[in-house]
Amino acid sequence: MVSTELLGQSIVNGLLLGGIYVTVGVGFALVFGVLEIIDFAVGEYVMLGAFMGAIVAPVVGGEGLFVVPLAFVAFFLVGMIVQPFLHHVTTGDRPMPLLMGLVFTFGLAIFMRGSVLTIFGPNTRAVPTKTLEGGIDVTGIGTFPEVRVVTAVVGVLALVAFMYYLYRTTGGTAIRAIAEDRDIARLMGVNINRYQSIAYGVYAGLTATGGVFIGLIYSAGPGMGLQYTAFAFFMIVLAGLGYLPGIIISGLVLGLAQSLTAVYIGGELVFFVLFGMIYVLLLVRPEGLLGKGEVS
Amino acid sequence: MRENIKTVKNRRQFMKAAGLAGTVGVAGVAGCVGGGSDRGGDKFKFGVVTSLSGDLRFGGEVTRRGYDLWKKTVNENGGIDIDGSSYEVELSYADAKSDPSTGADAASRMISSERVDAVLGPYSSNVTLAVAPIMEKNRTPHISGSAESPRIWEQQFKHTFGTVPTVTLIAQRAAEEILSLDPAAESVYVSGVNGPFSKATASAMRDAAENKGVEVLAYDLNPSDTDWTNVVSSAKSQDPDLHFHGGHIGSHVSLLKAADQLNYDPDGFFNHYGVNTSSFKEGLGDGARGTFGATVWMPDLERSGGKLFGSAADYAEAARAEYDSDPDYTQAASSAAGVVYQQALEELGAAPPLSDTQKSKLVEIIEGASVETFYGDVTFDKEGEFYHNNTSTSPLPIQLQDDNKAVVVGSADSASPANYPVEE
């Protein structure tokens, strides 16, 4: 017999897990949609954000939440520095820019992971918080872990804020114009390099910020990034390639599928089910769950 | 309204790029860390295949510390004595990258290119299971200072030995002790990671509960990267007295964090491996306190002492001086594996490099050896389900208490009172 409370808790878990994925997926979808980059380093920005939380939080009063704005600013700057190199290998007369970008970011990911492993060692580290401890019990539904609720809300807010920027501001219009046709945007006076750097900086900042939250929820470890890279790939396929709002739906679907499969089908089958969903979707609905993604 | 941003890119491009990434990844997977293939006769050369990167890099690093400390100490003491002549020890590392097939490839190269005399084994059971057949094929002695899965010993590999008792023994005996604490538990929830070591651990925990007549509410295996809130939700809904979990450190930390977030509070958590490591304690901070674990060795235990390091305390002091942290039982067992080789080589009396015949003779000597070490007496079973596993070292339940310091609990003479039911 299905327990109502367990079902409620599983749905809560799934939705909040989906919120965590949204915090990672939004930036990944951004660089894919705007810069035409499949950034294999997305998970490593998560890892670096989590590590920043673990290292800096004790210095700022033992509260990981204080690291959130610092991580955004720090990794926005990191992104601004990295992007010109990425631009260099994906433009000019180089063949297959998408692949060049992917190989570059793959190397970047290995460099990031190796650097953290070398500097900080292999240990798992806690990102402390005194504010978001435990969960809020809601009778008849389940327990809402405070840190996961905040993470999910931040993830959705980040996406909404970025959508606003993209569709309601001059800067966002410029970025969309670059995405539409780089040469024409340049002819229209858009500073291509500047806006691409901003976009990549926002992506790195958002993803590292998500990493701080993920560190608060789980912990920080040098090897944690790869699974988030995999989930980011899943999410943009489910969302529909190039369709940013779909990230919320795909994140929530992934989270729910994972949670309900683990509880009602069997934990060992979770990834079988998730991969199965992706394969089936690619076969029958390649434009994504909402049917709004790009298909050639 | 469609809000698509780009029209040029398409799914085909995306999949092509992803495929290339996979190819690059696979190409980057295999890799020897060791040096060249020149082989002089002035040193014993040991190959080490362990996980220096990947998910299990923490454990791999622990084994490396154990092997390195043995090498350093034996060389500082003049090397291995062969009929009055001393031969230093050289270690050549290969990174298994936490992947069995990579470990097997590395082991093959280690033997064919590096021409090692013997091999010190991987951290994980998965990789050990892949490496052991390579050792059989090449008739090369192989001692693991870490692997605990019973599946290794069930395979009856002639050339593979292990200094850590199989997890079937460690987890089961420790679990039985924890289940005997007062007030006696009436129910237990068993979870674990779906891998050879972790599954064997969880299975042994379940067996212990069943042997004690304690109700097993669930036996719940999951992938290592799962979100453990799902397991915690299921467990919480069944309200067990105790929660047992078989896995590695990462899953322990994630499980206990999820338990804290969902206000899940059984009388105690028992996680077999890694509770007494810095990674577990740093990963959980104050949340680690009260967790039960199991060990076969701790620095303050009375053990026979013996060759090279002296007592357990002496070994711990040497380890702290070298690495500035307390050694755990895996590190100790890894060093003990080296000590076993040292004694066996001295008995063999053959200078390096060893011939195939001498390697076979070395295997026979190891099989019959009884080695007194800081880790305890090491002897290997000569037959049965634990063939070539050292089952003579006694497992003990431990608990993290004040300042997250691990103490022995249970019925042993040296045991401290358990904090049970665990109070924060």
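Please read all numbers here as calculations on a predicted model, not as lab measurements. (Residues numbered from 1 in each chain as written. Chains lettered and ligands numbered in written order. Predicted model: local features only at pLDDT ≥ 70, side-chain atom pairs only at ≥ 80, totals over all residues.)

Moving on to the overall build of chain B. Along the backbone of chain B there are 13 helices and 15 strands. Over its C-alpha atoms chain B spans a radius of gyration of 23 Å, differing by no more than 12% from the 22 Å that the globule rule assigns to 424 residues. Taken over the C-alpha atoms alone, chain B extends approximately 70 × 70 × 40 Å along its principal axes. Per-residue burial over chain B gives 59% buried out of 424 residues. Taking the intrachain contacts of chain B between residues at least 6 apart in sequence as the baseline, contacts between residues at least 24 apart amount to 70%. (Helix = DSSP H or I, 4+ residues; strand = E, 2+ residues; numbered from the N terminus. Rg over C-alpha atoms; globule rule 2.2 N^0.38 Å. Buried ≥ 20, exposed ≤ 12 C-beta atoms within 10 Å, placed from the backbone. Contact = placed C-beta atoms within 7 Å.)

A few words on the interface of chain A and chain B. Listed per partner, the contact involves 58 residues of chain A and 51 residues of chain B. It is helix α1 (residues 4–35) of chain A that provides the largest number of residues to the side of chain A that touches chain B, a total of eight residues. The class makeup of the residues in the side of chain A that touches chain B is 30 nonpolar, 19 polar and nine charged. (Nonpolar A, V, L, I, M, F, W, Y, C, P; charged D, E, K, R; others polar.)

All names here are of chain B. According to the domain assignment, chain B consists of domain 1 (43–165 + 300–379) and domain 2 (168–295 + 396–408). Here the C-alpha centre of domain 2 lies 29 Å away from the C-alpha centre of domain 1. With 16 residues of domain 1 at the interface, the matching set in domain 2 holds 16 residues. Only α2 (57–76), α4 (125–138) and α5 (150–154) provide two or more residues apiece to the side of domain 1 that touches domain 2. With three residues, α4 is the single largest residue contributor to the side of domain 1 that touches domain 2. Partitioned by chemical class, the residues of the side of domain 1 that touches domain 2 number six nonpolar, six polar and four charged. (Domains from an automatic or database assignment.)

Our next topic: the environment of Phe72 of chain A. Residues and elements named next belong to chain A. Position of Phe72 relative to the elements: it lies in helix α3 (residues 67–90). For Phe72, a count of 22 C-beta atoms within 10 Å translates into the label buried. Phe72 sits 130 residues away from Val202 along the chain, and the two C-alpha atoms are 8.0 Å apart. Excluding residues that lie within four positions of it along the chain, Phe72 makes contacts with Gly205 and Thr209.

Residue and element names in this part refer to chain A. In the numbering used here, UniProt assigns the "transmembrane region" (unreviewed entry) feature to residues 12–35, 42–60, 66–86, 98–120, 149–167, 198–218, 230–256 and 263–284. Between the first and last C-alpha atoms of residues 66–86 the distance is 30 Å; the span itself is 95% helix and 0% strand. Counting secondary structure, residues 98–120 comes out at 100% helix and 0% strand; the distance between its end C-alpha atoms is 33 Å. (UniProt positions renumbered as here; feature names shortened; annotations may be inferred.)

Turning to the environment of Gly121 of chain B, a few remarks are in order. All names here are of chain B. Here Gly121 shows up in the loop between β4 (118–120) and α4. Each C-alpha atom, one on Gly121 and one on Phe161, is 8.8 Å from the other, the two residues being 40 residues apart in sequence. Setting aside residues up to four positions removed in sequence, Gly121 forms contacts with Val49, Thr128, Val131, His142, Ile143, Ser144, Gly145, Ser146 and Ala147.

This brings us to helix α11 (residues 312–323) of chain B. Residues and elements named next belong to chain B. For α11, which comprises 12 residues, the first-to-last C-alpha distance of 16 Å matches the rise-based estimate of 16 Å (1.5 Å per residue) to within 8%. Turning to α11, its buried residues number three or more, namely Ala312, Tyr315, Ala316, Ala318 and Ala319. Down the axis of α11, the smallest arc covering the buried residues is 160°, so these residues share one side. Buried residues along α11 sit against α2 and α12 (329–348). (Expected span 1.5 Å × (residues − 1). Arc of directions from axis to C-beta.)

Residue and element names in this part refer to chain B. Reading across the sheet, the six strands line up as β2-β3-β1-β4-β5-β6 and stay open at both edges, with mixed pairing between neighbours. Lying at the two open borders of the sheet, with one neighbouring strand each, are β2 (80–82) and β6 (160–162). Each strand of the sheet is rotated relative to its neighbour by a mean of 30°, with strand direction disregarded. Summarising the sheet, strand β1 (residues 43–50) and strand β3 (residues 85–95) pair through eight bridges and their orientation is parallel. Within β3, the residue paired with Val48 across the bridge is Tyr93. Each of β1, β2, β4 and β5 (142–144) is contacted by α12, which is oriented at about 15° to β2, the strand it contacts most. (Pairing = 2+ DSSP bridges. Axes fitted to C-alpha atoms, helices over the stretch in contact; angles between N-to-C directions.)

Turning to the pairing of strand β12 (residues 370–373) of chain B, a few remarks are in order. Of the two faces of β12 of chain B, the one lined by Val371 and Thr373 of chain B is fully buried and the one lined by Ser370 and Glu372 of chain B carries no buried residue. The antiparallel hairpin formed by β12 of chain B and strand β13 (residues 376–379) of chain B contains two residues in its connecting segment.

Right, let's get into helix α6 (residues 167–179) of chain B. Because each turn of an α-helix spans 3.6 residues, side chains separated by three or four positions end up pointing in the same direction. Between its terminal C-alpha atoms α6 of chain B stretches 17 Å, which fits the 18 Å expected from 13 residues at 1.5 Å a residue. For α6 of chain B, the buried fraction is high: 13 of the 13 residues fall into the buried class.

It is worth spelling out the confidence of the model for chain B at this point. Regions with low pLDDT carry predicted coordinates that are not meant to be interpreted in detail. Residue and element names in this part refer to chain B. When pLDDT is averaged along chain B, the result is 87; 90% of the residues meet or exceed 70. pLDDT under 50 marks residues 1–9. Its contacts with residues more than four places away, or in other chains, come to 25 contacts. For the stretch residues 21–37, pLDDT sits under 50, and the model shows 28 contacts to residues farther than four places along the chain or on other chains. Scored as a whole, the predicted complex attains pTM 0.77, and scored at its interfaces, ipTM 0.80. (pLDDT = per-residue confidence, 0-100.)

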